[in-house]
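A closer look at the structure
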Amino acid sequence: MTGASVPGARDTSRAGNILGTPYQRMLAELGRFLTVGGVATIVAFILFNGLVHGFSTGDHPLLSDRPILAYVLANTVGMVISYRGARSWAFRDRPPRQADGGRSAYVLINLVTMSLPIACLIISRDVLGLDDPLSDNISANVIGLVLGLGARFYLFRRFVFRRPVTRRNQVAQRSELVDAP
């Protein structure tokens, strides 16, 4: 018998490391979450700027006098993109907590956390009197985005997607079912 046909300690430990430590899983989820969020943000950024500031076409932008509505519309499109990416890739190892696949909780969390960049945009425009493209984008799409991202990552992991499915979780769930009255 050759040494290759007998699994060594190195081979058996490799199977246990597929999912990694909870810290490694969280970092991997965070990376995927930020990638999905980046794509959704780029789409929302382009839509927002097109609706409020135009694309230098010389025409009057559709929502130049309604930046909050433009922000909500653009980020609603971004929300749809981010849900699909989060569900199918970023949190793929976490089954949803709700029967609807987590859609209602996802939308609710997005709507609540959307208030952070909107508040930044309102402060920039109405308190500071800044309505140029750079000010709008720094307030809503930089400062507000960072505040909203941190809140959403925590809330999605906590309330929308369950803990990752691992061998340990499966054993614990089976023992709970057996011990249930």
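Given the structure is predicted, the values throughout are model-derived calculations rather than measurements.

Rules and cut-offs
Residues numbered from 1 in each chain as written. Predicted model: local features only at pLDDT ≥ 70, side-chain atom pairs only at ≥ 80, totals over all residues. Heavy atoms only, no water. Phe/Tyr/Trp six-rings, centres within 6.5 Å; stacked < 30°, edge-to-face > 60°. Helix = DSSP H or I, 4+ residues; strand = E, 2+ residues; numbered from the N terminus. Buried < 20%, exposed > 50% of the residue type's maximum accessible area, 1.4 Å probe, protein only. Axes fitted to C-alpha atoms, helices over the stretch in contact; angles between N-to-C directions. Parallel < 35°, antiparallel > 145°, perpendicular 65-115°, else oblique. Left-handed = near helix turned anticlockwise from the far one by under 90°. Contact = heavy atoms within 4.5 Å. Salt bridge = Lys/Arg side-chain N within 4 Å of Asp/Glu carboxyl O.

Quick notes on the packing of aromatic side chains
- Inspection of every chain in the model, using the stated rule, returns seven aromatic pairs.
- Judged by centre distance (5.2 Å) and plane angle (55°), the ring pair of Phe 33 and Phe 153 falls under tilted. Here the residue Phe 33 occupies a position in helix α2 (residues 22-53), and Phe 153 occupies one in helix α6 (residues 133-160), the gap between them amounting to 120 residues.
- Exposure remark for Phe 33: the relative accessible area of 6% places this residue in the buried category.
- By relative accessible area, Phe 153 is classed as buried at 12%.
- An aromatic cluster is built from Phe 33, Tyr 83, Phe 91, Tyr 106, Phe 153 and Phe 156, whose rings are joined through pairwise contacts.

Side note on the packing of helix α3 (residues 67-90) against helix α4 (residues 103-113)
- In contact at an axis separation of 11 Å, α3 and α4 are set at 135° when each is read in the N-to-C sense. Accordingly, the angle class assigned to the pair α3 and α4 is oblique. With respect to the hand of their crossing, α3 and α4 are arranged in right-handed fashion. Contacts between α3 and α4 involve Met 79, Ser 82, Tyr 83 and Ala 86 from the first element and Arg 103, Tyr 106, Val 107, Asn 110 and Leu 111 from the second.

Topic: the pattern of salt bridges
- The full count for this structure, using the stated rule, is two salt bridges.
- Arg 157 is the partner of Glu 29 in a salt bridge, and the nearest nitrogen-oxygen pair spans 2.8 Å. Placement of Glu 29 in helix α2 and of Arg 157 in helix α6 is noted, with a sequence separation of 128 residues between them.
- Note on Glu 29: relative accessible area 2%, which makes it buried.
- Residues Arg 125 and Asp 136 are paired through a salt bridge, measuring 2.7 Å at the closest nitrogen-oxygen approach. Taken as a pair, Arg 125 in helix α5 (residues 115-127) and Asp 136 in helix α6 lie far apart in primary sequence, 11 residues in all. As far as burial versus exposure is concerned, Arg 125 and Asp 136 are alike and both buried.

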